[in-house]
Amino acid sequence: MPEMTLIEAVRQALDEELARDERVLVIGEDVGRRGGVFRATQGLLEKYGEERVIDSPLAEASIVGVGVGAALYGMRPVCEIQFADFIHMAFNQVVNEAARMCYRSNGEWTLPMVIRAPYGGGIGGGIYHSQSVEAFYAHVPGLKVVIPSNPKDAKGLLKAAIRDPNPVMFFEPKKGYRLIRGEVPEGDYSVPIGPAHVSREGTDLSVFAYGMMHHYALQAAAQAGAEGISVEVVDLRTLLPVDRQSILASVRKTGKALIVHEDNLTGGYGAEVAAILAEEAFGDLDAPVMRLCAPDVPGIPFSHAMQEWVMPNPQKILGAIRRLARF
Amino acid sequence: MPEMTLIEAVRQALDEELARDERVLVIGEDVGRRGGVFRATQGLLEKYGEERVIDSPLAEASIVGVGVGAALYGMRPVCEIQFADFIHMAFNQVVNEAARMCYRSNGEWTLPMVIRAPYGGGIGGGIYHSQSVEAFYAHVPGLKVVIPSNPKDAKGLLKAAIRDPNPVMFFEPKKGYRLIRGEVPEGDYSVPIGPAHVSREGTDLSVFAYGMMHHYALQAAAQAGAEGISVEVVDLRTLLPVDRQSILASVRKTGKALIVHEDNLTGGYGAEVAAILAEEAFGDLDAPVMRLCAPDVPGIPFSHAMQEWVMPNPQKILGAIRRLARF
Amino acid sequence: MMELTTDLKREMFWTMLLARRLDERAWLLHRQGKIAFHISGIGHEAAQVGAVFALRRGFDWVVPYYRDLALLLGLGYTPRDFMLALMGKRGERTSGARQMPSHWSFKAMNVVSHSSPVATQALHAAGIGLAIKRRGEERIVFTSTGEGSTSEGEWYEAVNWAAVHRLPVVFNVQNNQYAISEPASRQMAVSGAAERACGMGLKGVSVDGMDAPACHRAFLEVFDHVRSGAGPAVIETCVYRITPHSSDDDDRSYRSREEVEHYKQNDCLPRAEKALGLEPELVEELERKAKAMVDDAVAFALSAPDPDGPEAAYPVYAEDVRDA
Amino acid sequence: MMELTTDLKREMFWTMLLARRLDERAWLLHRQGKIAFHISGIGHEAAQVGAVFALRRGFDWVVPYYRDLALLLGLGYTPRDFMLALMGKRGERTSGARQMPSHWSFKAMNVVSHSSPVATQALHAAGIGLAIKRRGEERIVFTSTGEGSTSEGEWYEAVNWAAVHRLPVVFNVQNNQYAISEPASRQMAVSGAAERACGMGLKGVSVDGMDAPACHRAFLEVFDHVRSGAGPAVIETCVYRITPHSSDDDDRSYRSREEVEHYKQNDCLPRAEKALGLEPELVEELERKAKAMVDDAVAFALSAPDPDGPEAAYPVYAEDVRDA
Ligand SMILES: Cc1ncc(C[n+]2csc(CCOP(=O)(O)OP(=O)(O)O)c2C)c(N)n1
Ligand SMILES: Cc1ncc(C[n+]2csc(CCOP(=O)(O)OP(=O)(O)O)c2C)c(N)n1
Ligand SMILES: [Mg+2]
Ligand SMILES: [Mg+2]
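This structure is a prediction, so every number in the text was calculated from the model and none was measured.

What counts and what doesn't
Residues numbered from 1 in each chain as written. Chains lettered and ligands numbered in written order. Predicted model: local features only at pLDDT ≥ 70, side-chain atom pairs only at ≥ 80, totals over all residues. Heavy atoms only, no water. Donors = N, O, S within 2.8 Å, 3.2 Å for Na, K, Ca; no water. Tetrahedral: all angles 85-135°; square planar, octahedral: opposite > 155°, others 65-115°. Near = heavy atom within 4 Å. Polar contact = N/O pair within 3.5 Å; in protein donor to acceptor, adjacent residues only side chain to side chain. pLDDT = per-residue confidence, 0-100. Helix = DSSP H or I, 4+ residues; strand = E, 2+ residues; numbered from the N terminus. Buried < 20%, exposed > 50% of the residue type's maximum accessible area, 1.4 Å probe, protein only. Contact = heavy atoms within 4.5 Å. Core = buried A, V, L, I, M, F, W, Y, C linked by side-chain atoms within 4.5 Å. Least-squares fit on C-alpha atoms with pLDDT ≥ 70 in both. Pairing = 2+ DSSP bridges. Axes fitted to C-alpha atoms, helices over the stretch in contact; angles between N-to-C directions.

1. Thoughts on the coordination of the magnesium ion (ligand 3)
For the magnesium ion (ligand 3), the full set of protein donor atoms is E147(C) (OE), E147(C) (OE), N176(C) (OD1) and Y178(C) (O), and the range of their distances to it is 2.0 to 2.8 Å. For the magnesium ion (ligand 3), the six donor atoms in the first shell make angles of 50 to 179° at the metal, so the coordination geometry reads as irregular.

Written as structure tokens, this is what we have:
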């Protein structure tokens, strides 16, 4: 199997889906000649032309809203928001329009579309190029929310998202774009939207994570293993719909849960995971459900030292694992 | 003490604050001559003039964004969004701008402003006039989020919000506007932002609720009391910052928790309350943490029968209380 | 300029008349406590029939707004459909009674579902236009809003997209002078919505929306322009909202009775009767027919069952879609 | 038209020069790996000094954007301030190193903090204008963005508000022909951002942004108009972004070297030297002074400490504000 980076896997998925299905369009700022500011769409304009790889005006609501319209007509748009921090301008189109179209029309209209955005911190982007936004969307029925943590999943899940008949929010951990490498199967495949993935088996406690934090969680788990703590790591991958079964199954086995995300704590996605455990794993829990998240501050600062203070990392995760294991 | 409705209490608070502080402005659609579509601002234009009670163009982002600007200049704007369902268009201004201004300028600029919106279902408003939106904002550090459940709190909390040096999201349960009546102290007073309120003491289990659902929870608790179940009801009132102490104190006493909101379950505010309990009340809990919320559907239908099926109500709350009490 | 055929004149008038009588009945039902909500198109009918009968119906796409009853009737939406929607009954065709009345959707006629937040649908129209252009088809997209809604950033973004990408979209602004209580002067510092167009580089047209044949001519011309690939257009139809904003509104606080009376004198329905040259006997016959259809629709909808509560559980995702 | 005094000519040129040398040094520091990010104002300096020296500095309000280095220097922002920001060091004055460089804030001079999402600050300018008008003061608000940002709905909503409420706001569009890689033709179907104004009913002006005295004249005129209560204005300064979008960008994929060279021939800095009649000896002296100040600022910032990590904990709310 060829090895590649996460961003290469994203690009391959787009390329192959554009080739496979002429209804697929790419819409976004600088996605054409520039090939995207992270190069996710590099080369696609040359291959598929201006009518399928579309440089949009600088207006996020329009990127999503025009995507909605194109999907109504039978296209399969993949809308790119340049940074997740700017998706807030499209919030109405995502939440009021895309998410509610199927329900409000009693199924007369459905929206096969994907909204991609790089998210997350650790790249010196400061308050407005580092945000995590998944919690806002994982609260909205009608959307699916997907976050890959490795190249294989990135490619397979993005293909599944493009083929899905519903609006799918696809958030890519930008710090991992070039940092995370991995093997990617040859040929066409997809990774189903829905199931979480146990990426490391263990018996003492379960760590639930996604995106870059999943990458870190595996590192922390390996180190904990060396210290004699057997950590199970679950890559949530699909945040909505929630894979309750996988979450519960893991805690049934280990009795302890640590949830990690780089989004701030209060009202973050981890709250839902913890709430599910508090309701449905009451008898299985041997310890409090722990969350390790960014503190409740309005952003990740530009200063390197302050950025590191805010972001979870393998060391902090290891510390939490040790505390939870001791409980 | 005079008795009045919730909407009258809101209007009184606005009136008195406009009279007290000439920096207070009201900005929104139809807030002037029309006095607001729910009449929250009735009579204010006549009393305070067009320069302080401002009919805005039909553009929600601008209502908040212009409010931000006015607050930067030292005004104390109270922005009205006609229905919470339309605040999504202002999401960027609230989340990227208002919430982050103090932090991003290291305190050089602060924003004393209030964003009011009627929210919630049960009034036949269908998918787009019934939404609950508090979970989106209770996730955003830098904001305060307040939801009153009765006239006294509505007036006192709104006054506190207008005097607060931070952006405060103030969501009003519109179904309760005329339905909920209560005594309101005479003279100037405010109710502090922050503390939850134990509105009924009990020993068997705790119900956490806010807004209209708090009103229903009290009804259900009374009924449960008649059946011999002693229910403590906690009116959360301020959703952000979270009043962890009051939540934990109640559960330390009762050992059981039921969280009720009309917003849909997954990723709703109840998840955060449950997560806090799962982490910090592990030793106190005698039963799973229960959530009674709207199901995960993209809206409350117009059809009365379907609306009732979606909304929690006193009967459904009572059912949940009975189940939890039996655990 | 094409002469209107007698058939077309009759159909245009009939559609206006039917819309008017249905709309009036809705107000009556509301007063009787039989429905909870109505939002009216009275005063907008001439403009709407002008548009709909200039479209290639079932071929072109339509992204409407809540006052478009006459427009929808022109596309085959029926009085029974309307009454089911007003009462939120089972079988309601646009949303299965999930949406409020007058939130249209009619896939067979390429009418797209819209929401309540205003102006959001303008972007969908641009997206449909993009897809049509990509397919190289001859279709156009018609989308409508009120003049107040042109203050929304999303409306601007949509029109700007269409202008930059030369999309086959017609943005109709039904300028009825009010957005709930706010006069148009609170929405724009130009004299009308057509002027908005000049800042975005597309054709802008304004027409007396009380004059059905004039509207029809204007729409034909604009549609031709857009269909020919010459780029999108904004067309403002100057109408007047004769009723309160909706059944929840009371318009006495913000406009005088004299003003309303003044515009009633210019009512588009009698004007159309004259301008289209309808014979009094024919009008009487059509009135009888309209009344019968409205009566039938009301009776039909009153006797229709409510949806079951648990129908509210779906369809959240495309996988859950069932037949209503 | 007012003649420029010798002092003012000198100060305008000095500000341009200092901005240019600081900006060039930032690129050098980036190549040396000493800073992580820079976004450049090279090519925009003439337009910015034209604006800032036409303002009543410290009285009028300023809502800037990230390319406004020369404008900020004209308001008293210092080279040391800039270098601290580039390096994210303790004492960084706009955000305590929380924001990326070139995200200005300078309360003493009425310069408002802005974020990275483009065009959002235009609404704040409208709100400030509203407050000024309510107070009945003579101040005006200056706000700037690029031409790409005029595609955002929020920009439109802001300009529309200002037009409807006749607010004392000047919307400066620094049209440098690109939004990252996208040419202006992908943003608008009109020939320039000043034309946007006509659809919203306010004054629209376009000026050669490479010509410092012309910009100064144009801004004086526009500021007078706005200050007099005649309503807001859009003023487009036609410039060219000589550098890549930012230090993260590579502009070779989307524009030719010839095009860039062509515009370098028209560089506003040598043009200003000539147009403002600066003596060569004076220019040399200013160059020496600029170099010394830039060197000093770099040395100062390099030796400044990083903030402590835990400073990131505050100030989330006004209650948490501490002195930096
Ligand atoms: C985004 C949004 N904000 C506010 C409302 C509430 N509202 C419904 S209709 C309306 C006025 C619309 O005015 P206009 O666009 O002129 O259309 P008209 O109703 O006059 O036909 C308002 C403010 C809404 N539906 N959507
Ligand atoms: C809302 C938003 N979308 C996207 C971006 C990413 N971005 C930063 S600058 C820029 C281009 C801005 O172009 P223009 O307005 O012409 O200003 P210029 O940079 O050319 O001065 C883009 C797309 C952003 N900062 N904010
Ligand atoms: Mg109107
Ligand atoms: Mg530009």
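2. Observations concerning the site of ligand 2
Near ligand 2, the surroundings consist of 22 residues, among which E60(A), Y65(D), Y66(D), S149(D) and Y178(D) are the closest. Looking at what sits near ligand 2, you find residues from chains A and D. Within the side chain of E60(A), an N or O atom sits 2.5 Å from a nitrogen atom of ligand 2. One of the backbone nitrogen or oxygen atoms of G148(D) is found 2.9 Å away from an oxygen atom of ligand 2.

3. What about the confidence of the model for chain C?
Across chain C, the average pLDDT comes to 97, with 99% of residues at or above 70. Here the prediction assigns the complex a pTM of 0.98, and the interface score ipTM is 0.98.

4. Let's talk about the environment of M113(B)
Residues and elements named next belong to chain B. Following the sequence through the fold, M113 ends up in strand 5 (residues 113–119). Residue classification places M113 among the buried residues on the basis of a relative accessible area of 0%. M113 sits 48 residues away from A161 along the chain, and the two C-alpha atoms are 7.8 Å apart. Look past the residues within four positions of M113 in its chain and what remains in contact with it is V64, G67, V68, A71, P77, C79, A98, N166, P167 and V168.

5. Here's the deal with the coordination of the magnesium ion (ligand 4)
Residue and element names in this part refer to chain D. The protein atoms donating to the magnesium ion (ligand 4) are E147 (OE), N176 (OD1) and Y178 (O), with metal-donor distances spanning 2.1 to 2.3 Å. Donor residues binding the magnesium ion (ligand 4) come from one chain and are separated in sequence as E-x28-N-x1-Y. Of the two residues, E147 is situated in the loop between strand 2 (141–146) and helix 6 (153–164) and N176 in the loop between strand 3 (169–175) and strand 4 (178–179); the sequence distance between them amounts to 29 residues. Look at E147 and you get buried, because its relative accessible area is 0%. We classify N176 as buried; its relative accessible area is 2%.

6. Thoughts on the nonpolar core
Counting 332 residues, the largest nonpolar core has Y137(A), Y137(B) and L277(B) as the members making the most contacts within it. With residues near it in sequence (within four places) discarded, Y137(B) still touches I87(B), F91(B), V94(B), V95(B), L143(B), V145(B), M169(B), F171(B) and L240(B). Within the second largest apolar cluster, 79 residues are counted, among which are M12(C), A26(C), W27(C) and I235(C).

7. Comments concerning the relation of the copies chain C and chain D
Laying chain C over chain D is done by rotating through 180° and shifting 0.0 Å along the axis; what remains is an RMSD of 0.0 Å. Expressed as an axis order, the relation between the two copies is that of a two-fold axis. By C-alpha distance to the rotation axis, the residue of chain C lying nearest is G153(C), at 1.8 Å.

8. Here we look at the sheet that holds strand 6 (residues 144–146) of chain B
All names here are of chain B. Taken in spatial order, the seven strands line up as 3-2-4-5-7-6-12 in an open sheet, and their pairing is mixed. Two strands close off the open sheet at either side, each with one partner strand: strand 3 (53–55) and strand 12 (238–240). Pairs of neighbouring strands in the sheet enclose a mean axial angle of 20°, with direction left out of account. In this structure, strand 2 (residues 24–28) lies alongside strand 4 (residues 76–80), joined through five bridges in parallel fashion. Paired with V24 across the bridge in strand 4 is R76. The sheet strands contacting helix 3 (residues 60–72) are strand 2, strand 4 and strand 5, and the helix crosses strand 4 at an angle near 175°.

9. With respect to unusual backbone geometry
Omega for the peptide link from L240(B) to P241(B) comes to -5°, which places this bond in the cis form. P315(C) follows Y314(C) through a cis peptide bond whose omega is -5°. If you trace the backbone, P315(C) turns up in the segment after helix 11 (280–303). Look at N106(A): it is not a glycine, yet its phi comes out positive at around 50°. Its place among the elements puts N106(A) in the loop between helix 5 (101–104) and strand 5 (113–119). Here N106(A) falls in the buried class, since its relative accessible area comes to 13%. A positive phi angle, near 70°, is found at R39(B), a position not held by glycine. Mapped onto the elements of the fold, R39(B) is located in the loop between strand 2 and helix 2 (44–48). We classify R39(B) as buried; its relative accessible area is 17%.

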